Amino acid sequence: MDRLATLARRTLAADLVRRTGRVREVTGLAIEAAGPDVEVGEVCVVTSRAGVPVPAEVVALRGGVVTLMPYAAAAGLAVGCEVVASGQPARIGVGTGLLGRVIDGFGRPLDGLPLPVVAALRPLKSPPINPMRRPRIARVLETGIRSVDTLLTLGQGQRVGIFSGSGVGKSTLLGQIARHVKADVNVIALIGERGREVREFIDKQLGPEGLRRSVVVVATSDQPAVTRLRAAHAALSIAEHFRDQGSQVLLTMDSVTRYAMARREIGLSAGEPPTARGYTPSVFAELPELCERCGTAAGGGSISALLTVLVEGDDFNEPIADGLRAILDGHVVLSRRLAQQAHYPAIDVLHSVSRVMTDVAEPAHAALAATVMRTLALLERCRQMVDIGAYAPGTNLELDRALALQPALNEFLRQAGGSVPRRDALAALARVMAGA
């Protein structure tokens, strides 16, 4: 009887209708097909003339025309090739078996080890949590970076952007945080990175200790746009799984700008109109969806997000950077001027902000940070006057004191490597401001 019941269940679950279509046009990145009857986001298989199956995702529907984006190279596809609907949305395997592994957006290993053992399959796209069911951010997220923990204190469940131009040190800062942050699990998404940088990030920036409690999801710059998007959503789904288990998760994505570029490629191929700098409307619709999947949850777990934003041409008002500043709960700005002075991490604390610092920092900590920020603002305001020798000592006692503190403050804000406990960093900053 058990065998009959099993056969009955399998029969009822079987797909008895094969939904098929035919390729009618291949243009650039997109495949247009007549049929099959599918939904947006469904995965199909396009079979080339040589019999090679090419998985593709449905990105647009217009009448009887289906637009698909292949997950692999479209070489070998031709008009008339068969398109078969899988009946399944895109999914990713999740579970503790992923810890310490480097995978692609499909869950396949990139580290030369066997296929990870997963506990379940999870859809790539999940609805965000009801905002009224989100607990407020009340606990500090300790990163080990002195300037962040003292002047830009983050909270567990906060979404923060690291804004910088190319070559200013954002990947190094990201690796330093991932290696030393006090979180249960790190989920690291490397989206659109150069292949050389992937291995360098894992070996040099993350290290064996950081990798042990991390899941690294990789989609390099040479892969199709839809594959890069899939890797980003796969990382989010993995992070959501650990959050639902009650873990404190740190999600780092390098970079969200390349995610937006991939979304722009897909939107343009699907026929969307270009807007600011060629970005399509779907880009500005998907960025809030991406960010809102992070944050606190009622079960006690949280996803704290650190998303790097590659600012094109050092223009911090370009569309993606400008839009993300309004969406995120804070931003850390890296300055090329500081990097050129060998000031690492090159964090410009005056142009950075943590919107939850007042909720998680103790009153004495908040007062000390405010004093430091006022001192740094005064130094910045008078920097040119001092540099050209137009300031006479004794004219402004407050500026005299700030100039006396400047060398020690700059030394405090520099951090070549390693981790500093937040309590020790606060004590060190208090000594600097006391002139000790």
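Residues numbered from 1 in each chain as written. Predicted model: local features only at pLDDT ≥ 70, side-chain atom pairs only at ≥ 80, totals over all residues. Heavy atoms only, no water.

Asker: Tell me about the packing of helix α11 (residues 363-381) against helix α13 (residues 397-413), residues and numbers included.
Answerer: Between α11 and α13, the least distance of the axes is 9 Å, while the angle of their chain directions is 105°. Relative to α13, the element α11 is oriented roughly perpendicular. Contacts from V372, T375, L376, L378 and L379 in α11 reach E398, L399, A402, L403, Q406, L409 and L413 in α13. Here the contact of α11 with α13 is composed, by residue class, of nine nonpolar, two polar and one charged. (Axes fitted to C-alpha atoms, helices over the stretch in contact; angles between N-to-C directions. Helix = DSSP H or I, 4+ residues; strand = E, 2+ residues; numbered from the N terminus. Parallel < 35°, antiparallel > 145°, perpendicular 65-115°, else oblique. Contact = heavy atoms within 4.5 Å. Nonpolar A, V, L, I, M, F, W, Y, C, P; charged D, E, K, R; others polar.)

Asker: I'd love a proper account of the state of the cysteines, names of residues and values included.
Answerer: Tallied over the entire structure, the rule returns zero disulfides. The closest cysteine sulfur to the non-disulfide-bonded C81 is located on C44, 14 Å from its own sulfur. Judged by its relative accessible area of 4%, C81 is buried. (Disulfide = S-S within 2.5 Å. Buried < 20%, exposed > 50% of the residue type's maximum accessible area, 1.4 Å probe, protein only.)

Asker: Break down the nonpolar core for me, citing the residues and quoting the values.
Answerer: Counting 56 residues, the largest nonpolar core has V187, V217, I238, M253, V256 and L324 as its most contacted members. Look past the residues within four positions of V217 in its chain and what remains in contact with it is I103, D104, G105, I188, A189, L190, A231, A234, A235 and I238. Judged by nonpolar contacts, the second largest core, of 38 residues, contains V148, A369, V372 and L429. (Core = buried A, V, L, I, M, F, W, Y, C linked by side-chain atoms within 4.5 Å.)

Asker: Break down helix α7 (residues 281-292) for me, with residues and values.
Answerer: Residues S282, V283, E286, L287, L290 and C291 constitute the buried set of α7. Projected onto a plane normal to the axis of α7, the buried residues spread over an arc of 155° and lie on a single side. The elements touched by buried residues of α7 are β12 (159-164), α5 (225-244), β15 (248-254), α6 (256-269), β17 (302-310) and α8 (319-327). (Arc of directions from axis to C-beta.)

Asker: I'd love a proper account of the sheet that holds strand β1 (residues 20-27), names of residues and values included.
Answerer: Strand order around the closed barrel formed by six strands is β1-β2-β5-β4-β3-β6, with antiparallel pairing between neighbours. Along the sheet, successive strands turn relative to each other by an average axial angle of 45°, direction set aside. Of the pairings in the sheet, the one linking strand β2 (residues 30-34) to strand β5 (residues 65-70) comprises four bridges and is antiparallel in character. From the neighbouring strand, A34 faces β5, where its bridge partner is V65. (Pairing = 2+ DSSP bridges.)

Asker: Describe α5, naming the residues involved and giving the relevant values.
Answerer: For α5, with 20 residues, the first-to-last C-alpha span of 29 Å sits near the 28 Å given by 1.5 Å per residue. Across the 20 residues of α5, 19 count as buried, placing the element largely inside the fold. (Expected span 1.5 Å × (residues − 1).)

Asker: I'd like to hear about the packing of aromatic side chains, residue by residue, with values.
Answerer: The geometry of an aromatic ring pair is captured by the separation of the ring centres together with the interplanar angle, meaning the angle of the planes. All told, the structure shown has two aromatic pairs when counted by the stated rule. Ring geometry for Y71 and F106: centres 4.9 Å apart, planes at 85°, overall edge-to-face. Remark: F106 occurs in the loop between β8 (101-103) and β9 (120-123) and Y71 occurs in the loop between β5 and β6 (82-89); sequence separation between them is 35 residues. Ring geometry for Y279 and F284: centres 6.3 Å apart, planes at 75°, overall edge-to-face. One Lys or Arg, R230, reaches over the ring of Y71 and ends 5.3 Å from the middle of that ring. Above the ring of Y279, the side-chain terminus of R264 is found at 4.2 Å from the ring centroid. (Phe/Tyr/Trp six-rings, centres within 6.5 Å; stacked < 30°, edge-to-face > 60°. Lys NZ or Arg CZ within 6 Å of the ring centre and 35° of its normal.)

Asker: Account for the pattern of salt bridges, naming residues and giving values.
Answerer: Tallied over the entire structure, the rule returns 24 salt bridges. Put simply, D244 and R122 hold a salt bridge, and the shortest N to O gap is 3.1 Å. Note that D244 is positioned in helix α5 and R122 in strand β9, a separation of 122 residues in sequence. Residue classification places D244 among the partly exposed residues on the basis of a relative accessible area of 45%. Under the relative-accessibility criterion, R122 is labelled buried at 17%. We note a salt bridge from R136 to D359, for which the minimum N-O separation is 3.5 Å. Of this pair, R136 sits in the loop between β9 and β10 (140-141) while D359 sits in helix α10 (residues 357-360), placing them 223 residues apart in sequence. For R136, a relative accessible area of 68% corresponds to the exposed category. Classification of D359 by relative accessible area gives partly exposed; the value is 40%. Counted as one network, the salt bridges with shared partners bring together R122, E240, R243, D244 and R293. (Salt bridge = Lys/Arg side-chain N within 4 Å of Asp/Glu carboxyl O.)

Asker: Account for the packing of α11 against helix α14 (residues 422-433), with residues named and values stated.
Answerer: Close contact between α11 and α14 brings their axes to 11 Å; oriented N to C, the two are set at 50°. Here α11 lies oblique to α14, going by the angle between them. Of the two elements, α11 crosses α14, and the hand of that crossing is left-handed. Between α11 and α14, the residues in contact are H365, L368, T371, V372 and T375 and R422, L426, L429, A430 and M433, respectively. Considered class by class, the residues forming the contact of α11 with α14 number six nonpolar, three polar and one charged. (Left-handed = near helix turned anticlockwise from the far one by under 90°.)

Asker: So, the pairing of strand β18 (residues 330-333): which residues are in play, and what are the values?
Answerer: Of the two faces of β18, the one carrying G330 and V332 and the one carrying H331 and V333 are both buried. Pairing of β12 with β18, which is carried by three bridges, proceeds in the parallel orientation. In the sheet register, F163 faces β18, and the bridge partner there is V333. Looking at chain direction, β18 and strand β19 (residues 353-354) are connected through two bridges and run antiparallel. Within β19, the residue paired with H331 across the bridge is V353.

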